[in-house]
Amino acid sequence: MVERKVIFEEKEEEAMMKSKTSLVFAINGERYELELSSIDPSTTLVDFLRNKTPFKSVKLSCGEGGCGACVVLLSKYDPLLGKVEDFTISSCLTLLCSIDGCSITTSDGFGNSRVGFHAVHERIAGFHATQCGFCTPGMSVSMFSALLNADKSHHPPRSGFSNLTAAEAEKAVSGNLCRCTGYRPLVDACKSFAADVDIEDLGFNSFCKKGDNRGEVLGRLPCYDHTSSQVICTFPEFLKKEIKNEMSLDSRKYRWSSPVSVSELQGLLEVENGSSSVKLVAGNTSTGYYKEEKERKYERFIDIRRIPELTLVRKDENGVELGASVTISKAIEVLREQENVPMLAKIATHMEKIANRFVRNTGTIGGNIIMAQRKQFPSDLTTILVAAGAAVKIMTNSSVQEEFTLEKFLEQPPLEAKSLLLSVQIPSWRPVKKNGSALLFETYRAAPRPLGNALAFLNAAFSAEVSLSEAHDGIVVNDCRLVFGAYGTKHAHRASNVEEFLIGKVMSDEVLMEAIGLLKDEIVPDKGTLNPGYRSSLAVTFLFEFFESLTQTNAKNKNGLLNGGSKEISLVQNVQPLKAEAMLSSSQQIVETQEHTPVGKGITKPGASLQASGEAVYVDDIPAPENCLYGAFIYSTMPLARIKSIKFKQNRVPEGVVGIISYKDIPKGGKNMGTTGFFTSDLLFAEEITHCAGQIIAFLVADSQKHADIAANLVVIDYDTKGLEPPILSLEEAVEKSSLFDIPPPLRGYPVGDITKGMDEAEHKILGSKINFGSQYFFYMETQTALAVPDEDNCMVVYSSTQIPEFVHQTIAGCLGVPENNVRVITRRVGGGFGGKAIKAMPVAAACALAASKMQRPVRTYVNRKTDMITTGGRHPMKVTYSVGFKSNGKITALDIEVLLDAGLTEDVSPLIPKGIQGALMKYDWGALSFNATLCKTNTVSRTAVRAPGDVQGSYIGEAIIEKVASYLSVDVDEIRKVNLHTYDSLRLFHKVRAGDSPEYTLPFLWDKIAEFSGFNQRRKVVEDFNASNKWRKRGISRVPAVYAVSMRSTPGRVSVLSDGSIVVEVQGIEIGQGLWTKVKQMAAYSLGMIQCGTRSDELLKKIRVIQSDTLSMVQGSMTAGSTTSEASSEAVRICCDGLVERLLPVKTALVEQTGGPVTWDNLISQAYLQSVNLSVSSLYLPEDSTDEYINYGVGASEVEINVLTGETTILRTDIIYDCGKSLNPAVDLGQIEGAFVQGLGFFMLEEFLMNSDGLVVTDSTWTYKIPTVDTIPRQFNVEILNSGQHKNRVLSSKASGEPPLLLAASVHCAVRAAVKEARKQILTWNSNQPGTDTYFELPVPATMSVVKEFCGLDVVEKYLEWKIQQRKNIWYSLCL
Ligand SMILES: Cc1cc2nc3c(=O)[nH]c(=O)nc-3n(C[C@H](O)[C@H](O)[C@H](O)COP(=O)(O)OP(=O)(O)OC[C@H]3O[C@@H](n4cnc5c(N)ncnc54)[C@H](O)[C@@H]3O)c2cc1C
Ligand code: FES
Ligand code: FES
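Please read these numbers as outputs of a predicted model, since none were measured by experiment.

(A) Looking closely at the site of ligand 1. Taken together, 35 residues form the shell around ligand 1, and within it Leu280, Thr285, Ser286, Thr364 and Asp380 come nearest. Between ligand 1 and the protein, one listed contact pairs an oxygen atom with a backbone N or O atom of Ala282 at 2.8 Å. In the environment of ligand 1, an oxygen atom lies 3.4 Å from a nitrogen or oxygen atom belonging to the side chain of Arg374. Protein chains bury 96% of the 970 Å² of accessible surface belonging to ligand 1 in isolation. The set of elements that each furnish at least two residues to the shell around ligand 1 consists of strand 7 (278-281), helix 16 (365-375) and strand 13 (420-427). Among the elements that line the shell around ligand 1, the one with the most residues is helix 16, at five residues.

Below, the structure written as structure tokens:
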């Protein structure tokens, strides 16, 4: 050992002589050299890119590898092979130092507004695939990388296309989250490059025009020449040269070391003497899960990826050995190459579901195994590798190498920091042994997202050696290995009791049943694991799936299991074909109108390419002013407690902290005011007492966001609950203690008809039925953010990501105690709002302003995802009780409904919610309606408006009641819906004046049309047949209507014409992704076009720029919410333009008279300038009282398939018809319809926003909160936008589209319910003790996998086997008799 050390030291001296002192890398072709001594090695690449370079296209959204907003392309050059390798990585997990010698390409690096956009950007724009645009640069990089790699193959792609297939295009973006678009247009943009795609089959876009031939369409598509991937050089020549002459790092000198041999590493570890302050780093992706690791202070980071022993790949007939630093992506590639070993291919297929592509590209197999071994990470890899009989090589100290089976290694105490995992050996098993027995291997995984990017509820992998037993005429299990993992246990677990039991047994139902009994005792999740029963049931499911085909009764018939009469076992297992089919398809039917051109056209969003390239500027992209400070919120974790003190752990002030701002810092004359609401103003900071977990207590200010976040986590709050009442954490407690908020009378809801009479008329009644709803988080991709800059004379300029700048303005003025003209709030664009940037953005801006005022320095914050999720509240949970009376034909005569709403701590917008609930509920004619809502005050974070607030629940309540009535009467639910749809007269009775005129009521037409459009009735028959012939898969189909009332609000606008004829439009409506700017721009072009000069309105369109909202430039701004701001802003702009036209007309007339010819816009404006005509017009659009409310209509039909064994739901198809009136822009409205539907899908199927017993949100990350992804949206998604013609009271006859379509996602839930009902019917046929139909049930929202399984029966397998066994016994008895 000493000798080795000496050698090391000698080498060291030698190395030091010529060692390098800096890191060199490239970003978008630019050379960067950083002195190692100046770098904090814990700096992530995203930190560096966003704070130290101009490349802000890289966004930060989750900081944990779960969303893809920060994805960049990393390119590595191999000087020996002369090859460049390009792959995506998540820059939020990648450490800056680890990119030494590499090249980074960001979205603005492969195309931008200065040098020209890349085809990826332009196609994203042309396919209308951006809304808020915050996810788009990450999406672009994922697409770009997919193209780049597809076109590296030797096959030249079809001209103008890529080698990428449609299926690969779908997968290319499957790891990236988007909350706005619903993914379909993004996938289509990516598919447009695929050679196996017919461009006409893709969605609505600006490249295909009606009547075009193929050539014309292709000619219009932004050019993609596969050689352009070479044109964009991802690895610059200078770096290649530098790499060739690369010197090594002096390992001892810096906190970052990058040893190139095991011995060098050992030397380093010995110097550190196994200190826990040394961190071995491979891909560093584990910090996405163990986030505290990002904050730990390590003395030294040792990058182990340059050690050749750790990156080796060795393959022979016995198996594959992979060095520990081999990435998961590389391992998949290697295993896939072993074509003749199906087992390895299955391991590879399973590994493709680990994380997402950009994590797999850097995450290593060693890192994964160590996470599982040391910290019980719920790994997939360890489960499948233990089943495969893998072994690991460990280096425990300087000279000792040890080898263990992986199984044994996992059971050992956590590997010491000084020890090293060297490699993993995976044996390869041939499927058939010489003795004629077969080796079977299968892996399983149940997770909320089929393609990965979600931890499994349970994973499993089984191997078994089986042979045919002639004596027993069945299959005997000679050996088996059954491994389960990720279900809430320390490590991958071998079900050894079951294995022991099975070995030597001839498989039969009875044997399987007994094995399941043993398994249930063995696979028991640890205490505290979510859904333990579901996880155990999955274990049973997978065991059943593996062995069922081997049971005696099946064996003889099983295709291919018995090879003819030869009694030899052949390979029964299917390896997934390499060439997968594309999952998604769609169609859109849209009418573009000419009447008000360019209004009515599906024009591309201005700035869509800028969003795709990442040049669009969001609040956190504004360069930090000099001296800027950064804030992080300190929030309560207790529901009701006195705050005794706020200290730091160990009383040590963390690095970079400048101060902590609390209510005590409110200046004289100011108020502790965090919001300006419609009903009340909330506190900015808790004072002596905190009233809910998640309440903001203070704002910590530091010299960087990183320091602020770290320090906020190190704060310790001393609480005291002595003498305080217990907190109110449930609706029942709130009611009991009369902890209620008042609802102003006009908002309370109103009765319709005579409920007593309605109930008397009923032939049947269902009394006291219940429905519960949980919450939903906004999940905007850009979290809350603001920047406050102090200005002269006690003024404050605040850049805020908000939907209501005016209220932000008032809040800040109130908080600082200054006149409102001292404050200016500027909002250019918002990276997703969904209601969450209305009230909840105010405290964020106010805290920054307060801190900036106190410190007289700029202060900004970009709230991290966890804090955002914990402090912002989300949708209102509620409990509903109803009684309904109806006739035997299903006609409902009376509905009496009581709603308890959880408003949380303060009123926020909660008093508005009952109105939304009732409005959407009244989509049906209930005969008579009694509606009562109670608003409960609880010690939880105040709830707020989330897209379609109240309406989504109200609409669903309507469906749940209809479903119940149908079940009660055992009548087809679609019939009951139809019977209860409104006539125009009943609509008018329920909705009063907002029902409008009779022709506006298009719902009955939509109802019938969707049946035709979607082949609904024929498909119902197909679904029936499918269910009759499938045991473990059931389908359901459902169509639901939606009625959604909206109201218009007053909105200001201003249009100014500059001297060159260019036009500036200002509105106080905020562009939050809903396409407001696009519609406003179209309206301005149309209205100014009325001047009818020689310049066409589409030419005028190019001259218009909509600019940021500024509360001092334009007052009375109102809010961007409720789906009508686009049309109201458009109308405000129209009024301004009309004013301008009026002023310009005399000028034009005079010019025509003078010149005798046509007048161009530019001439006209020059002349108007000469004549000092006022070319700036402001307006305040004020809707008329009688017509400010109107109703929107839509119908959605969905067909789903559920897996009865796992609870997984696949949405096979969704059809939507939505009445947009005369759409102002059908492309924008289509995006709103699809995006809203998918967000609704999240509410109904996936998203659980859970709290602990103190009311603190626990689903606070992308790990625990699952929004829809590409693989969970409808496989076929068809949308028709109905152009319902003239609506005289609407803005150019248009209607809203932002929120109403969200309600149609209930069709998926209802279809799932229908499928579950079929599963329950089936189970009853197996249950001789309980004949009848148990189809009277309430399926919870969201109907997650575990819920679906639970309602199909957690013991469905056991029930089935019992039944089967009994059946055989019955036959046997009857034969005996
Ligand atoms: C968003 C996301 C989703 C994920 N989903 C899944 C999933 O579904 N299923 C699943 O199985 N995994 C999943 N993972 C885990 C992922 O596979 C691991 O993060 C990755 O493999 C870790 O590798 P790494 O190289 O980044 O490890 P690092 O983060 O670099 O290291 C992890 C730990 O291991 C230590 N270490 C690394 N290599 C060695 C070595 N050779 N010897 C000794 N110590 C070592 C490090 O010191 C560190 O403590 C997910 C990860 C992310 C970020
Ligand atoms: S911010 Fe990096 S993956 Fe979400
Ligand atoms: S456009 Fe994708 S998150 Fe907004």
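(B) Structural detail: helix 4 (residues 136-150). The first and last C-alpha atoms of helix 4 sit 21 Å apart over 15 residues, in line with the 21 Å expected at 1.5 Å per residue. Most of helix 4 is tucked away, with 14 of its 15 residues classed as buried.

(C) Broad picture of helix 14 (residues 342-351). Among the 10 residues in helix 14, 10 count as buried, and that is most of the element. Inspection of helix 14 places Pro342, Met343, Leu344, Ala345, Lys346, Ile347, Ala348, Thr349, His350 and Met351 among the buried residues, and these make up the whole buried set.

(D) Molecular detail of the pattern of salt bridges. What the rule picks out here adds up to 75 salt bridges. Note that Asp100 and Lys20 form a salt bridge whose closest N and O atoms lie 2.7 Å from each other. Of the two residues, Asp100 is situated in the loop between strand 4 (83-90) and strand 5 (103-105) and Lys20 in the loop between helix 1 (2-17) and strand 1 (22-27); the sequence distance between them amounts to 80 residues. In this structure, Asp100 and Lys20 share a single accessibility class: buried. Residue Lys964 pairs with Glu1338 through a salt bridge whose shortest N-O separation is 3.3 Å. On the criterion of sequence distance, the pair formed by Lys964 in helix 31 (residues 951-969) and Glu1338 in the loop between helix 41 (1306-1325) and helix 42 (1345-1352) is long-range, its members being 374 residues apart. You can call Lys964 buried: its relative accessible area is 9%. Salt bridges sharing partners connect three or more residues here, namely Arg50, Lys59, Asp620, Asp621 and Arg860.

(E) Quick look at empty space enclosed by the protein. Applying the stated criterion across every chain yields a total of 17 cavities of 30 Å³ or more. Estimated volume of the largest cavity: approximately 130 Å³. Around the largest cavity, the lining comprises 16 residues; the ones closest to its centre are His128, Thr130, Lys605, Ala1227 and Val1228. In terms of residue class, the lining of the largest cavity is built from five nonpolar, 10 polar and one charged.

(F) Seen up close, the packing of helix 31 against helix 32 (residues 973-980). Contact pair helix 31 / helix 32: the axes reach a minimum separation of 9 Å and the direction vectors enclose 120 degrees. Taken as axis vectors, helix 31 and helix 32 run oblique relative to one another. In terms of crossing hand, the pair formed by helix 31 and helix 32 is right-handed. Facing helix 31, whose interface residues are Glu959, Ile962, Glu963, Val965, Ala966 and Leu969, helix 32 presents Val973, Ile976, Arg977 and Asn980.

(G) Spotlight on the side chain of Thr1120. Locating Thr1120 in the fold gives a position in the loop between strand 38 (1109-1110) and helix 38 (1125-1155). With relative accessibility at 2%, the residue Thr1120 sits in the buried group. Only 2.7 Å separates the side chain of Thr1120 from the backbone nitrogen of Ile1070, close enough to count as a polar contact. Beyond its immediate chain neighbours, meaning those up to four positions away, Thr1120 contacts Gln803, Gln1068, Gly1069, Ile1070, Ile1072, Gln1074 and Thr1125.

(H) Main features of the sheet that holds strand 30 (residues 859-862). As summarised here, the arrangement of the eight strands in space is 21-23-19-30-27-28-29-38, forming an open sheet in which the pairing is mixed. Two strands lie at the open edges of the sheet, namely strand 21 (657-661) and strand 38, each paired on one side alone. Strands in contact with helix 24 (residues 705-713) are strand 19 (629-635), strand 21, strand 23 (696-702) and strand 30; relative to strand 19, the strand with the most contacts, it is inclined by about 20 degrees. Together, strand 19, strand 21, strand 23, strand 27 (785-791), strand 28 (795-800) and strand 30 form the strand contacts of helix 28 (residues 842-855), whose direction differs from that of strand 27 by roughly 30 degrees.

(I) How the structure looks around the pairing of strand 42 (residues 1276-1282). Across the seven residues of strand 42, six count as buried, placing the element largely inside the fold. Sheet topology places strand 18 (residues 585-589) next to strand 42; five bridges connect them, and they run parallel. Note on strand 42: the bridge partner recorded for Ser586 is Phe1277. With seven bridges connecting them, strand 41 (residues 1209-1219) and strand 42 associate as parallel partners. In the strand pairing of strand 42, Asp1219 is matched with Leu1282. With helix 40 (residues 1226-1246) bridging strand 41 and the parallel strand 42, this β-α-β connection has right-handed handedness.

Here is what the cut-offs are and how they apply
Residues numbered from 1 in each chain as written. Chains lettered and ligands numbered in written order. Predicted model: local features only at pLDDT ≥ 70, side-chain atom pairs only at ≥ 80, totals over all residues. Heavy atoms only, no water. Near = heavy atom within 4 Å. Polar contact = N/O pair within 3.5 Å; in protein donor to acceptor, adjacent residues only side chain to side chain. Areas by Shrake-Rupley, 256 points an atom, 1.4 Å probe, with all protein chains shown as cover. Helix = DSSP H or I, 4+ residues; strand = E, 2+ residues; numbered from the N terminus. Expected span 1.5 Å × (residues − 1). Buried < 20%, exposed > 50% of the residue type's maximum accessible area, 1.4 Å probe, protein only. Salt bridge = Lys/Arg side-chain N within 4 Å of Asp/Glu carboxyl O. 1 Å grid on protein atoms, 1.4 Å probe; cavity = no way out; pocket = protein on both sides within 12 Å on 5 of 7 lines; lining within 4 Å. Points joined across faces, edges and corners; volume = space filled by probe spheres on them. Nonpolar A, V, L, I, M, F, W, Y, C, P; charged D, E, K, R; others polar. Axes fitted to C-alpha atoms, helices over the stretch in contact; angles between N-to-C directions. Parallel < 35°, antiparallel > 145°, perpendicular 65-115°, else oblique. Left-handed = near helix turned anticlockwise from the far one by under 90°. Contact = heavy atoms within 4.5 Å. Pairing = 2+ DSSP bridges. Right-handed = clockwise from strand over helix to strand, strands pointing away.

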